[in-house]
Amino acid sequence: MFRGRRGSRVGALEEEAPVRSPGTPKAAAEPERVLLRGIFEIRRESCDVVLGDQALWWRCIQPELPAGGTRHDLLGKEESLELEDIFSVKLKRRRSAKHPGNGTLLGITLFICLKEHQNKLKDSTLDLINFSEDHCDVWFSQFKKILEGFTSRPKALKILLNPQSHKKESVQVYYEKVEPLLKLAGIKTDVTITEYEGHALSLLDECELQGFDGVVCVGGDGSASEAARALLLRAQKNAGVEVDCVPTLVGAELPLGLIPAGSTNVLAHSLFGTSHVVTATMHIILGHTQSVDVCTFSSAGKLLRFGFSAMFGFGGRTLALAEKYRWMSPSQRRDFAVIKALAKLKPEDCKISFLLAGHSQNEQERKAQRSPESDCGGHWQTIQGQFLNISIMAIPCLCSVAPRGFAPDTRLNNGSMALIVVRNTTRPEFVKHLKRYSSIKNQFNFPFVETYTIEEVKIHPKSNSNGYSPQEEGGKHATASQHGFPWNVDGDLMETASEVHIRLHPRLIRLYGGSLEEMNDCKVECNCI
(Lines give C-alpha, C1' and ligand atoms only; values in the text may rest on other atoms or scores of the structure.)
Protein backbone atom coordinates (compact mmCIF):
# COMPACT_ATOMS: atom_id res chain seq x y z
CA MET A 1 0.00 0.00 0.00
CA PHE A 2 2.54 2.60 1.20
CA ARG A 3 6.11 2.59 -0.09
CA GLY A 4 9.27 4.38 1.04
CA ARG A 5 12.77 3.99 2.41
CA ARG A 6 13.80 3.65 6.04
CA GLY A 7 14.92 7.00 7.40
CA SER A 8 13.08 9.12 4.82
CA ARG A 9 11.79 12.45 6.08
CA VAL A 10 8.24 12.95 4.93
CA GLY A 11 5.95 15.39 6.66
CA ALA A 12 4.02 17.25 4.03
CA LEU A 13 0.60 18.59 4.96
CA GLU A 14 -2.10 17.18 2.69
CA GLU A 15 -5.31 19.00 3.67
CA GLU A 16 -7.72 17.57 1.11
CA ALA A 17 -6.41 14.09 0.31
CA PRO A 18 -9.10 11.52 1.19
CA VAL A 19 -8.07 8.13 2.51
CA ARG A 20 -9.85 5.04 3.75
CA SER A 21 -10.91 5.05 7.40
CA PRO A 22 -9.12 2.28 9.32
CA GLY A 23 -11.00 -0.85 10.24
CA THR A 24 -13.64 -0.53 7.49
CA PRO A 25 -13.98 -2.22 4.09
CA LYS A 26 -12.76 -0.12 1.19
CA ALA A 27 -16.14 -0.16 -0.56
CA ALA A 28 -18.07 0.91 2.55
CA ALA A 29 -15.61 3.48 3.93
CA GLU A 30 -16.19 7.20 3.86
CA PRO A 31 -13.13 9.27 2.92
CA GLU A 32 -11.17 10.72 5.82
CA ARG A 33 -9.14 13.89 5.47
CA VAL A 34 -5.35 13.42 5.75
CA LEU A 35 -3.60 15.89 8.04
CA LEU A 36 -0.04 14.52 7.94
CA ARG A 37 1.88 11.65 6.38
CA GLY A 38 5.40 10.60 7.20
CA ILE A 39 7.92 7.90 8.06
CA PHE A 40 8.39 6.74 11.67
CA GLU A 41 9.86 3.68 13.30
CA ILE A 42 7.16 1.86 15.30
CA ARG A 43 8.07 -1.23 17.33
CA ARG A 44 11.44 -1.39 15.53
CA GLU A 45 9.84 -1.44 12.08
CA SER A 46 9.99 1.40 9.56
CA CYS A 47 6.40 2.42 8.88
CA ASP A 48 4.50 4.72 6.59
CA VAL A 49 2.27 6.66 9.01
CA VAL A 50 -0.87 8.62 8.14
CA LEU A 51 -2.62 11.03 10.51
CA GLY A 52 -6.24 11.57 9.61
CA ASP A 53 -8.80 13.75 11.34
CA GLN A 54 -10.24 10.72 13.18
CA ALA A 55 -7.48 8.13 13.39
CA LEU A 56 -3.77 7.42 13.10
CA TRP A 57 -2.81 4.36 11.08
CA TRP A 58 0.36 2.80 9.80
CA ARG A 59 1.77 -0.08 7.78
CA CYS A 60 5.30 -1.50 7.69
CA ILE A 61 7.15 -0.46 4.55
CA GLN A 62 7.93 -3.29 2.10
CA PRO A 63 11.73 -3.75 2.07
CA GLU A 64 13.34 -3.79 -1.38
CA LEU A 65 15.57 -6.76 -2.27
CA PRO A 66 19.00 -6.25 -3.95
CA ALA A 67 17.80 -8.07 -7.09
CA GLY A 68 14.62 -6.02 -7.25
CA GLY A 69 11.15 -6.82 -6.08
CA THR A 70 9.91 -6.97 -2.49
CA ARG A 71 9.66 -9.44 0.37
CA HIS A 72 5.90 -9.94 0.62
CA ASP A 73 6.30 -12.13 3.69
CA LEU A 74 7.48 -9.03 5.58
CA LEU A 75 4.52 -6.89 4.54
CA GLY A 76 2.76 -5.90 7.75
CA LYS A 77 -0.95 -5.50 8.13
CA GLU A 78 -2.43 -2.07 8.57
CA GLU A 79 -2.78 -0.98 12.20
CA SER A 80 -4.72 1.96 13.52
CA LEU A 81 -5.40 4.07 16.59
CA GLU A 82 -8.49 6.20 17.12
CA LEU A 83 -7.49 9.78 18.00
CA GLU A 84 -10.12 9.90 20.75
CA ASP A 85 -8.08 7.22 22.60
CA ILE A 86 -5.04 9.54 22.88
CA PHE A 87 -4.98 11.55 26.12
CA SER A 88 -1.47 13.04 26.07
CA VAL A 89 1.53 13.54 23.79
CA LYS A 90 5.16 14.33 24.60
CA LEU A 91 8.45 14.60 22.72
CA LYS A 92 10.61 11.58 23.50
CA ARG A 93 14.23 12.39 24.37
CA ARG A 94 17.21 10.40 25.59
CA ARG A 95 17.96 11.46 29.14
CA SER A 96 21.41 11.51 30.70
CA ALA A 97 22.94 12.59 33.99
CA LYS A 98 25.12 15.16 32.20
CA HIS A 99 22.19 16.76 30.35
CA PRO A 100 19.10 16.44 32.59
CA GLY A 101 17.23 19.27 30.85
CA ASN A 102 17.43 18.41 27.15
CA GLY A 103 18.54 15.17 25.59
CA THR A 104 18.77 13.83 22.07
CA LEU A 105 15.40 13.80 20.33
CA LEU A 106 14.14 10.29 19.65
CA GLY A 107 10.62 11.01 18.41
CA ILE A 108 7.11 11.36 19.84
CA THR A 109 5.34 9.37 22.57
CA LEU A 110 1.57 9.05 22.46
CA PHE A 111 -0.16 8.19 25.75
CA ILE A 112 -3.23 6.15 24.93
CA CYS A 113 -6.17 4.40 26.55
CA LEU A 114 -6.64 0.71 25.76
CA LYS A 115 -9.60 -1.51 26.58
CA GLU A 116 -8.90 -4.77 28.36
CA HIS A 117 -11.24 -7.62 29.28
CA GLN A 118 -14.27 -7.10 31.53
CA ASN A 119 -14.62 -3.41 30.67
CA LYS A 120 -11.27 -2.47 32.18
CA LEU A 121 -9.28 0.37 30.67
CA LYS A 122 -5.53 0.81 30.99
CA ASP A 123 -3.03 3.47 30.00
CA SER A 124 -0.32 2.59 27.51
CA THR A 125 2.13 4.28 25.13
CA LEU A 126 2.96 4.25 21.44
CA ASP A 127 6.37 5.55 20.37
CA LEU A 128 6.83 7.17 16.94
CA ILE A 129 10.60 7.20 16.46
CA ASN A 130 12.19 9.81 14.16
CA PHE A 131 15.33 11.85 14.91
CA SER A 132 14.34 14.92 12.88
CA GLU A 133 13.50 17.93 15.07
CA ASP A 134 11.57 19.70 12.30
CA HIS A 135 9.61 16.61 11.37
CA CYS A 136 8.65 15.82 14.98
CA ASP A 137 7.76 19.44 15.77
CA VAL A 138 5.18 19.47 12.96
CA TRP A 139 3.60 16.23 14.11
CA PHE A 140 3.78 17.16 17.79
CA SER A 141 2.01 20.48 17.14
CA GLN A 142 -0.70 18.69 15.18
CA PHE A 143 -1.28 16.16 17.95
CA LYS A 144 -1.52 18.98 20.54
CA LYS A 145 -4.06 20.75 18.34
CA ILE A 146 -6.11 17.57 18.08
CA LEU A 147 -6.12 17.06 21.86
CA GLU A 148 -7.22 20.66 22.41
CA GLY A 149 -10.17 19.96 20.14
CA PHE A 150 -11.69 17.48 22.61
CA THR A 151 -13.64 20.15 24.47
CA SER A 152 -15.59 17.70 26.63
CA ARG A 153 -12.42 16.65 28.45
CA PRO A 154 -11.85 18.35 31.81
CA LYS A 155 -8.99 20.80 32.23
CA ALA A 156 -9.45 21.46 35.96
CA LEU A 157 -11.03 19.27 38.65
CA LYS A 158 -12.02 19.70 42.28
CA ILE A 159 -10.91 16.53 44.11
CA LEU A 160 -12.48 15.33 47.39
CA LEU A 161 -10.69 12.53 49.29
CA ASN A 162 -12.49 10.61 52.03
CA PRO A 163 -9.69 9.17 54.20
CA GLN A 164 -12.15 6.97 56.15
CA SER A 165 -13.47 4.96 53.18
CA HIS A 166 -13.16 1.15 53.38
CA LYS A 167 -9.61 0.33 54.52
CA LYS A 168 -8.66 4.03 54.73
CA GLU A 169 -6.69 3.70 51.52
CA SER A 170 -8.27 6.46 49.40
CA VAL A 171 -5.41 8.95 49.91
CA GLN A 172 -2.84 6.36 48.86
CA VAL A 173 -4.99 5.28 45.90
CA TYR A 174 -5.28 8.85 44.67
CA TYR A 175 -1.65 9.89 44.95
CA GLU A 176 -0.21 6.61 43.61
CA LYS A 177 -2.66 5.72 40.83
CA VAL A 178 -4.87 8.68 39.96
CA GLU A 179 -2.84 11.87 40.29
CA PRO A 180 0.01 10.74 37.97
CA LEU A 181 -2.49 10.08 35.16
CA LEU A 182 -4.27 13.41 35.71
CA LYS A 183 -0.93 15.24 35.59
CA LEU A 184 0.07 13.37 32.44
CA ALA A 185 -3.19 14.49 30.82
CA GLY A 186 -2.47 18.10 31.81
CA ILE A 187 -5.45 18.36 34.17
CA LYS A 188 -5.12 20.85 37.02
CA THR A 189 -6.42 19.69 40.39
CA ASP A 190 -7.39 21.19 43.72
CA VAL A 191 -7.46 18.53 46.46
CA THR A 192 -9.34 18.58 49.76
CA ILE A 193 -9.20 15.74 52.29
CA THR A 194 -12.59 15.61 54.03
CA GLU A 195 -12.44 15.54 57.82
CA TYR A 196 -15.96 14.55 58.91
CA GLU A 197 -19.30 13.29 57.63
CA GLY A 198 -21.02 16.14 55.79
CA HIS A 199 -17.74 17.98 55.08
CA ALA A 200 -18.13 17.54 51.31
CA LEU A 201 -21.69 18.84 51.58
CA SER A 202 -20.68 22.08 53.28
CA LEU A 203 -17.53 22.48 51.17
CA LEU A 204 -19.32 22.24 47.82
CA ASP A 205 -21.97 24.63 49.07
CA GLU A 206 -19.45 27.34 49.91
CA CYS A 207 -16.41 26.95 47.64
CA GLU A 208 -15.95 28.66 44.27
CA LEU A 209 -16.46 26.14 41.46
CA GLN A 210 -16.42 28.49 38.50
CA GLY A 211 -12.91 27.52 37.44
CA PHE A 212 -13.55 23.75 37.51
CA ASP A 213 -14.92 21.45 34.81
CA GLY A 214 -15.98 18.74 37.24
CA VAL A 215 -15.88 17.37 40.76
CA VAL A 216 -14.26 14.03 41.62
CA CYS A 217 -14.67 12.16 44.89
CA VAL A 218 -12.34 9.37 45.99
CA GLY A 219 -14.22 7.03 48.30
CA GLY A 220 -17.20 4.71 48.44
CA ASP A 221 -20.88 4.98 47.63
CA GLY A 222 -21.53 7.20 50.62
CA SER A 223 -18.90 9.69 49.48
CA ALA A 224 -20.30 9.75 45.94
CA SER A 225 -23.86 10.15 47.21
CA GLU A 226 -22.86 13.05 49.47
CA ALA A 227 -21.02 14.81 46.63
CA ALA A 228 -23.99 14.29 44.27
CA ARG A 229 -26.36 15.68 46.89
CA ALA A 230 -24.12 18.71 47.36
CA LEU A 231 -23.96 19.46 43.64
CA LEU A 232 -27.73 19.09 43.27
CA LEU A 233 -28.50 21.28 46.28
CA ARG A 234 -26.11 23.91 44.95
CA ALA A 235 -27.83 23.80 41.55
CA GLN A 236 -31.22 24.43 43.19
CA LYS A 237 -29.75 27.27 45.23
CA ASN A 238 -28.19 28.93 42.17
CA ALA A 239 -31.44 28.55 40.22
CA GLY A 240 -33.57 29.89 43.07
CA VAL A 241 -35.55 26.64 43.33
CA GLU A 242 -37.19 25.64 46.61
CA VAL A 243 -35.72 22.22 47.40
CA ASP A 244 -38.96 20.98 48.97
CA CYS A 245 -40.78 21.54 45.66
CA VAL A 246 -39.12 18.43 44.30
CA PRO A 247 -41.01 18.20 40.96
CA THR A 248 -39.33 21.43 39.80
CA LEU A 249 -35.68 20.47 40.39
CA VAL A 250 -32.92 21.49 37.97
CA GLY A 251 -29.88 19.40 37.03
CA ALA A 252 -26.40 19.71 38.51
CA GLU A 253 -24.13 22.16 36.68
CA LEU A 254 -20.90 20.13 36.87
CA PRO A 255 -20.34 16.42 36.19
CA LEU A 256 -19.32 14.19 39.08
CA GLY A 257 -16.53 11.63 38.92
CA LEU A 258 -16.04 8.69 41.23
CA ILE A 259 -12.75 6.95 42.02
CA PRO A 260 -13.87 3.77 43.82
CA ALA A 261 -12.22 3.24 47.20
CA GLY A 262 -15.13 1.85 49.22
CA SER A 263 -16.25 -1.59 50.33
CA THR A 264 -18.99 -2.37 47.78
CA ASN A 265 -18.61 0.41 45.16
CA VAL A 266 -22.12 -0.11 43.76
CA LEU A 267 -22.13 3.16 41.83
CA ALA A 268 -18.71 2.51 40.29
CA HIS A 269 -19.71 -0.99 39.17
CA SER A 270 -22.92 0.38 37.65
CA LEU A 271 -21.02 3.09 35.78
CA PHE A 272 -17.90 1.22 34.67
CA GLY A 273 -18.77 -2.47 35.06
CA THR A 274 -15.80 -2.74 37.42
CA SER A 275 -14.28 -1.07 40.48
CA HIS A 276 -10.91 -0.76 38.73
CA VAL A 277 -9.35 2.58 39.72
CA VAL A 278 -7.48 3.21 36.45
CA THR A 279 -10.67 2.53 34.47
CA ALA A 280 -12.54 5.17 36.46
CA THR A 281 -9.67 7.61 36.03
CA MET A 282 -9.47 7.11 32.27
CA HIS A 283 -13.21 7.76 31.86
CA ILE A 284 -12.72 11.06 33.68
CA ILE A 285 -9.65 12.04 31.63
CA LEU A 286 -11.39 11.24 28.33
CA GLY A 287 -14.50 13.16 29.37
CA HIS A 288 -16.92 10.24 29.06
CA THR A 289 -20.14 11.25 30.82
CA GLN A 290 -23.54 9.65 31.38
CA SER A 291 -26.70 11.48 32.38
CA VAL A 292 -28.07 9.52 35.34
CA ASP A 293 -31.48 9.37 37.00
CA VAL A 294 -31.68 10.48 40.64
CA CYS A 295 -34.27 9.87 43.37
CA THR A 296 -35.50 12.36 45.95
CA PHE A 297 -36.51 11.15 49.41
CA SER A 298 -38.99 13.35 51.24
CA SER A 299 -41.23 13.07 54.27
CA ALA A 300 -44.14 15.32 55.29
CA GLY A 301 -43.39 17.54 52.30
CA LYS A 302 -39.76 18.12 53.32
CA LEU A 303 -36.83 16.94 51.24
CA LEU A 304 -34.63 14.54 53.20
CA ARG A 305 -31.95 13.81 50.61
CA PHE A 306 -31.05 12.75 47.09
CA GLY A 307 -29.96 9.21 46.22
CA PHE A 308 -29.63 6.50 43.59
CA SER A 309 -30.92 3.50 45.56
CA ALA A 310 -32.47 2.58 48.89
CA MET A 311 -33.39 -0.47 50.98
CA PHE A 312 -35.88 -0.64 53.82
CA GLY A 313 -36.38 -3.54 56.21
CA PHE A 314 -33.60 -6.14 56.18
CA GLY A 315 -31.28 -3.89 54.14
CA GLY A 316 -31.76 -0.94 56.48
CA ARG A 317 -31.34 -2.99 59.64
CA THR A 318 -28.18 -4.63 58.33
CA LEU A 319 -26.60 -1.23 57.70
CA ALA A 320 -27.68 0.04 61.14
CA LEU A 321 -25.94 -2.94 62.71
CA ALA A 322 -22.82 -2.47 60.59
CA GLU A 323 -22.60 1.19 61.67
CA LYS A 324 -22.64 0.06 65.31
CA TYR A 325 -19.57 -2.16 64.77
CA ARG A 326 -17.32 0.22 62.86
CA TRP A 327 -14.35 -0.90 64.91
CA MET A 328 -14.36 -4.12 62.86
CA SER A 329 -12.75 -4.41 59.44
CA PRO A 330 -15.18 -3.61 56.56
CA SER A 331 -15.59 -7.22 55.42
CA GLN A 332 -15.98 -8.55 58.98
CA ARG A 333 -18.44 -5.81 59.83
CA ARG A 334 -20.57 -6.49 56.76
CA ASP A 335 -20.68 -10.27 57.26
CA PHE A 336 -21.37 -9.95 60.99
CA ALA A 337 -24.22 -7.50 60.37
CA VAL A 338 -25.82 -9.80 57.76
CA ILE A 339 -25.65 -12.81 60.09
CA LYS A 340 -27.06 -10.91 63.07
CA ALA A 341 -29.85 -9.33 60.98
CA LEU A 342 -30.77 -12.80 59.69
CA ALA A 343 -30.82 -14.15 63.24
CA LYS A 344 -33.30 -11.42 64.22
CA LEU A 345 -35.21 -11.48 60.93
CA LYS A 346 -38.59 -9.77 61.33
CA PRO A 347 -41.05 -8.35 58.80
CA GLU A 348 -42.30 -4.76 58.70
CA ASP A 349 -46.03 -4.03 58.48
CA CYS A 350 -46.19 -1.53 55.59
CA LYS A 351 -48.45 0.04 53.03
CA ILE A 352 -46.74 0.69 49.69
CA SER A 353 -48.29 3.01 47.09
CA PHE A 354 -46.58 3.39 43.74
CA LEU A 355 -47.05 4.93 40.31
CA LEU A 356 -46.30 2.48 37.51
CA ALA A 357 -43.93 3.55 34.73
CA GLY A 358 -44.36 2.93 31.01
CA HIS A 359 -48.07 2.16 31.11
CA SER A 360 -50.74 3.74 28.95
CA GLN A 361 -53.80 5.41 30.46
CA ASN A 362 -56.01 2.38 29.70
CA GLU A 363 -53.55 -0.09 31.23
CA GLN A 364 -53.28 2.03 34.34
CA GLU A 365 -57.07 2.17 34.66
CA ARG A 366 -57.27 -1.61 34.40
CA LYS A 367 -54.40 -2.45 36.75
CA ALA A 368 -54.21 0.39 39.24
CA GLN A 369 -56.33 2.10 41.83
CA ARG A 370 -56.64 5.85 41.99
CA SER A 371 -55.19 7.11 45.23
CA PRO A 372 -56.32 10.33 46.94
CA GLU A 373 -52.71 10.68 48.15
CA SER A 374 -51.41 11.34 44.65
CA ASP A 375 -49.86 14.78 44.27
CA CYS A 376 -50.15 14.77 40.51
CA GLY A 377 -53.47 13.05 39.88
CA GLY A 378 -51.84 9.92 38.45
CA HIS A 379 -52.94 6.30 38.76
CA TRP A 380 -51.51 4.50 41.74
CA GLN A 381 -51.35 0.91 42.88
CA THR A 382 -51.34 -0.02 46.56
CA ILE A 383 -50.13 -3.17 48.27
CA GLN A 384 -49.82 -3.82 51.98
CA GLY A 385 -48.81 -6.53 54.40
CA GLN A 386 -45.72 -7.94 56.09
CA PHE A 387 -42.47 -7.28 54.16
CA LEU A 388 -38.97 -8.50 54.96
CA ASN A 389 -37.25 -6.11 52.57
CA ILE A 390 -38.18 -3.31 50.16
CA SER A 391 -35.72 -2.04 47.55
CA ILE A 392 -36.08 1.05 45.37
CA MET A 393 -33.34 1.44 42.76
CA ALA A 394 -32.84 3.95 39.95
CA ILE A 395 -29.61 2.26 38.82
CA PRO A 396 -28.82 -1.46 38.33
CA CYS A 397 -26.65 -1.57 41.48
CA LEU A 398 -23.95 -3.94 40.25
CA CYS A 399 -21.33 -5.02 42.79
CA SER A 400 -19.34 -8.06 43.90
CA VAL A 401 -22.32 -9.23 45.97
CA ALA A 402 -24.65 -9.01 42.95
CA PRO A 403 -22.74 -9.33 39.64
CA ARG A 404 -26.01 -9.13 37.66
CA GLY A 405 -27.15 -6.22 39.80
CA PHE A 406 -29.71 -5.86 42.57
CA ALA A 407 -31.96 -4.43 39.85
CA PRO A 408 -30.67 -6.03 36.62
CA ASP A 409 -33.46 -4.67 34.40
CA THR A 410 -32.85 -1.06 35.43
CA ARG A 411 -30.54 1.29 33.53
CA LEU A 412 -28.73 4.46 34.52
CA ASN A 413 -31.11 6.77 32.67
CA ASN A 414 -34.21 4.94 31.46
CA GLY A 415 -36.61 7.15 33.42
CA SER A 416 -37.84 4.50 35.83
CA MET A 417 -37.04 2.82 39.13
CA ALA A 418 -37.18 -0.82 40.19
CA LEU A 419 -39.40 -1.59 43.17
CA ILE A 420 -38.56 -5.01 44.64
CA VAL A 421 -40.64 -6.20 47.58
CA VAL A 422 -39.96 -9.36 49.56
CA ARG A 423 -43.00 -10.49 51.50
CA ASN A 424 -42.78 -12.40 54.77
CA THR A 425 -41.42 -15.92 54.42
CA THR A 426 -39.27 -18.39 56.33
CA ARG A 427 -35.66 -17.62 57.09
CA PRO A 428 -34.32 -20.50 54.89
CA GLU A 429 -36.36 -19.27 51.91
CA PHE A 430 -35.19 -15.68 52.43
CA VAL A 431 -31.56 -16.87 52.56
CA LYS A 432 -32.09 -18.72 49.26
CA HIS A 433 -33.31 -15.45 47.76
CA LEU A 434 -30.22 -13.60 49.02
CA LYS A 435 -27.84 -16.24 47.69
CA ARG A 436 -29.36 -15.95 44.23
CA TYR A 437 -27.92 -12.43 43.93
CA SER A 438 -24.39 -13.83 43.76
CA SER A 439 -25.29 -16.35 41.04
CA ILE A 440 -26.58 -16.18 37.48
CA LYS A 441 -29.99 -17.49 38.52
CA ASN A 442 -33.06 -15.27 38.69
CA GLN A 443 -33.15 -13.85 42.21
CA PHE A 444 -36.80 -12.84 41.78
CA ASN A 445 -38.13 -16.30 40.89
CA PHE A 446 -39.79 -16.85 44.27
CA PRO A 447 -43.51 -16.66 45.14
CA PHE A 448 -42.80 -14.15 47.92
CA VAL A 449 -40.83 -11.71 45.70
CA GLU A 450 -42.61 -9.09 43.57
CA THR A 451 -41.04 -6.60 41.17
CA TYR A 452 -42.49 -3.43 39.63
CA THR A 453 -41.18 -0.74 37.30
CA ILE A 454 -42.23 2.58 38.77
CA GLU A 455 -41.77 6.35 38.67
CA GLU A 456 -42.82 7.18 42.22
CA VAL A 457 -43.46 5.32 45.49
CA LYS A 458 -44.58 5.97 49.06
CA ILE A 459 -43.49 3.63 51.87
CA HIS A 460 -45.68 3.90 54.96
CA PRO A 461 -44.62 1.71 57.93
CA LYS A 462 -47.65 1.17 60.13
CA SER A 463 -45.95 0.59 63.47
CA ASN A 464 -42.80 -0.56 65.25
CA SER A 465 -44.59 -3.48 66.91
CA ASN A 466 -43.02 -6.21 64.75
CA GLY A 467 -40.11 -4.36 63.26
CA TYR A 468 -37.00 -2.41 64.12
CA SER A 469 -36.32 -1.45 67.73
CA PRO A 470 -33.46 0.99 68.33
CA GLN A 471 -33.45 0.15 72.04
CA GLU A 472 -32.96 -3.54 71.17
CA GLU A 473 -29.95 -2.84 68.95
CA GLY A 474 -28.40 -0.14 71.13
CA GLY A 475 -25.61 2.03 69.81
CA LYS A 476 -25.50 5.73 69.00
CA HIS A 477 -28.53 5.60 66.72
CA ALA A 478 -30.77 4.50 69.60
CA THR A 479 -30.49 7.89 71.24
CA ALA A 480 -30.59 9.78 67.97
CA SER A 481 -34.01 8.45 66.96
CA GLN A 482 -35.99 6.34 69.42
CA HIS A 483 -38.76 5.62 66.91
CA GLY A 484 -37.03 6.01 63.57
CA PHE A 485 -36.89 3.28 60.94
CA PRO A 486 -33.44 2.67 59.40
CA TRP A 487 -33.03 3.12 55.64
CA ASN A 488 -29.97 2.20 53.59
CA VAL A 489 -29.64 5.03 51.03
CA ASP A 490 -26.54 4.55 48.86
CA GLY A 491 -24.74 2.89 51.76
CA ASP A 492 -25.60 5.70 54.20
CA LEU A 493 -27.94 5.32 57.16
CA MET A 494 -31.08 7.47 57.05
CA GLU A 495 -33.65 7.27 59.86
CA THR A 496 -37.20 8.53 59.73
CA ALA A 497 -40.32 7.63 61.70
CA SER A 498 -42.91 8.58 59.10
CA GLU A 499 -43.86 7.83 55.50
CA VAL A 500 -41.12 8.31 52.90
CA HIS A 501 -42.04 9.58 49.45
CA ILE A 502 -39.56 8.68 46.70
CA ARG A 503 -39.68 10.34 43.27
CA LEU A 504 -37.55 9.69 40.21
CA HIS A 505 -35.96 12.65 38.41
CA PRO A 506 -34.66 11.61 34.97
CA ARG A 507 -31.11 12.58 33.97
CA LEU A 508 -30.68 15.00 36.86
CA ILE A 509 -26.89 14.64 37.13
CA ARG A 510 -23.98 13.78 34.83
CA LEU A 511 -21.49 11.19 36.02
CA TYR A 512 -18.17 10.29 34.44
CA GLY A 513 -18.51 6.78 33.03
CA GLY A 514 -19.09 4.57 30.02
CA SER A 515 -22.14 2.91 28.49
CA LEU A 516 -23.88 0.32 30.63
CA GLU A 517 -24.80 -1.75 27.57
CA GLU A 518 -21.13 -2.77 27.28
CA MET A 519 -21.12 -4.24 30.78
CA ASN A 520 -23.56 -7.12 30.41
CA ASP A 521 -20.79 -9.73 30.40
CA CYS A 522 -19.27 -8.56 33.68
CA LYS A 523 -18.70 -11.61 35.91
CA VAL A 524 -17.73 -11.36 39.57
CA GLU A 525 -17.59 -14.17 42.09
CA CYS A 526 -18.80 -13.74 45.63
CA ASN A 527 -19.22 -16.07 48.61
CA CYS A 528 -20.12 -13.57 51.32
CA ILE A 529 -23.45 -15.29 52.09
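Provided above is the structure to which this section pertains.
Residues numbered from 1 in each chain as written. Predicted model: local features only at pLDDT ≥ 70, side-chain atom pairs only at ≥ 80, totals over all residues. Heavy atoms only, no water.

### Digging into the overall build of the protein chain
On a plain count of helices and strands, the protein chain comes out with 12 helices and 22 strands. Counting across all 529 residues of the protein chain, residues that qualify as buried make up 52%. In the protein chain, of all internal contacts separated by at least 6 residues, the share reaching a separation of at least 24 is 69%. (Helix = DSSP H or I, 4+ residues; strand = E, 2+ residues; numbered from the N terminus. Buried < 20%, exposed > 50% of the residue type's maximum accessible area, 1.4 Å probe, protein only. Contact = heavy atoms within 4.5 Å.)

### Some words on the environment of Asn445
Within the element layout of this structure, Asn445 appears in the loop between helix H10 (427-436) and strand S19 (449-461). By relative accessible area, which is 54% here, Asn445 ends up exposed.

### Details of the packing of helix H7 (residues 314-324) against helix H8 (residues 330-343)
Orientation of H7 relative to H8, taken along the N-to-C sense of each, is 130 degrees, at an axis distance of 8 Å. As the angle between them shows, H7 and H8 are arranged oblique. The handedness of the crossing between H7 and H8 comes out as right-handed. Residue-level contacts link Phe314, Thr318, Leu321, Ala322 and Lys324 of H7 to Arg333, Ala337, Val338, Lys340, Ala341 and Leu342 of H8. Tallied by class, residues from the contact of H7 with H8 come to seven nonpolar, one polar and three charged. (Axes fitted to C-alpha atoms, helices over the stretch in contact; angles between N-to-C directions. Parallel < 35°, antiparallel > 145°, perpendicular 65-115°, else oblique. Left-handed = near helix turned anticlockwise from the far one by under 90°. Nonpolar A, V, L, I, M, F, W, Y, C, P; charged D, E, K, R; others polar.)

### Quick look at the nonpolar core
Counting 89 residues, the largest nonpolar core has Leu204, Leu256, Ile259, Phe308 and Ile509 as the members making the most contacts within it. Among the nonpolar cores identified, the runner-up in size contains 27 residues, and Cys350, Phe354, Leu356 and Ala394 belong to it. (Core = buried A, V, L, I, M, F, W, Y, C linked by side-chain atoms within 4.5 Å.)

### Overview of unusual backbone geometry
With a phi close to 55 degrees, Asn265 is a non-glycine residue in the positive phi region. By secondary structure assignment, the location of Asn265 is in the loop between strand S12 (256-260) and helix H5 (266-272). For Cys397, which is not glycine, the phi dihedral falls at a positive 60 degrees. Mapping Cys397 onto the fold places it in the loop between strand S17 (380-393) and strand S18 (417-423). Since its relative accessible area comes to 2%, Cys397 is described here as buried.

### Topic: the packing of aromatic side chains
Tallied over the entire structure, the rule returns 12 aromatic pairs. Between Phe40 and Trp139, the aromatic rings sit 4.9 Å apart at their centres with planes inclined by 80 degrees, giving edge-to-face as the arrangement. Taken together, the residues Phe40 in strand S2 (residues 31-42) and Trp139 in helix H1 (residues 133-148) connect sequence positions 99 residues apart. Given the relative accessible area of 0%, Trp139 is considered buried. Chaining the aromatic ring pairs together yields one cluster made of Phe40, Trp139 and Phe143. Over the aromatic face of Phe150 sits the side chain of Arg153, whose NZ or CZ is 4.1 Å from the ring centroid. The ring centre of Trp380 lies 5.2 Å from the NZ or CZ of Lys458, which sits over that ring. (Phe/Tyr/Trp six-rings, centres within 6.5 Å; stacked < 30°, edge-to-face > 60°. Lys NZ or Arg CZ within 6 Å of the ring centre and 35° of its normal.)

### Let's talk about the pattern of salt bridges
One pass over the structure, following the stated rule, counts 13 salt bridges. Here Arg334 and Asp335 are joined by a salt bridge, their closest N and O atoms 3.8 Å apart. Judged by its relative accessible area of 28%, Arg334 falls in the partly exposed class. For Asp335, a relative accessible area of 28% puts it in the partly exposed group. Close ionic contact of Arg503 with Glu456 constitutes a salt bridge, the shortest N to O distance being 3.3 Å. Here Arg503, found in strand S22 (residues 500-512), pairs with Glu456, found in strand S19; they are 47 residues apart in sequence, far enough to count as distant. Residue class for Glu456 comes out buried when judged on its relative accessible area of 7%. (Salt bridge = Lys/Arg side-chain N within 4 Å of Asp/Glu carboxyl O.)

### Points about the side chain of Asn389
Positionally, Asn389 belongs in strand S17. Reaching out from Asn389, the side chain makes a polar contact with the backbone nitrogen of Phe314 at a distance of 3.4 Å. A polar atom in the side chain of Asn389 sits 3.1 Å from the side chain of Ser391. Aside from chain neighbours lying at most four places away, what touches Asn389 is Met311, Phe312, Gly313, Phe314, Gly315, Ile420, Val421 and Val422. (Polar contact = N/O pair within 3.5 Å; in protein donor to acceptor, adjacent residues only side chain to side chain.)

### Remarks on the side chain of Arg153
By the secondary structure assignment, Arg153 is in the loop between H1 and strand S9 (156-161). No salt bridge is formed by the buried Arg153; the nearest opposite charge belongs to Asp85, separated by 6.5 Å. Reaching out from Arg153, the side chain makes a polar contact with the backbone oxygen of Glu84 at a distance of 2.6 Å. Looking at Arg153, its side chain comes within polar contact range of the main-chain oxygen of Ile86, at 2.7 Å. (Lys, Arg positive; Asp, Glu negative; His and termini not counted.)

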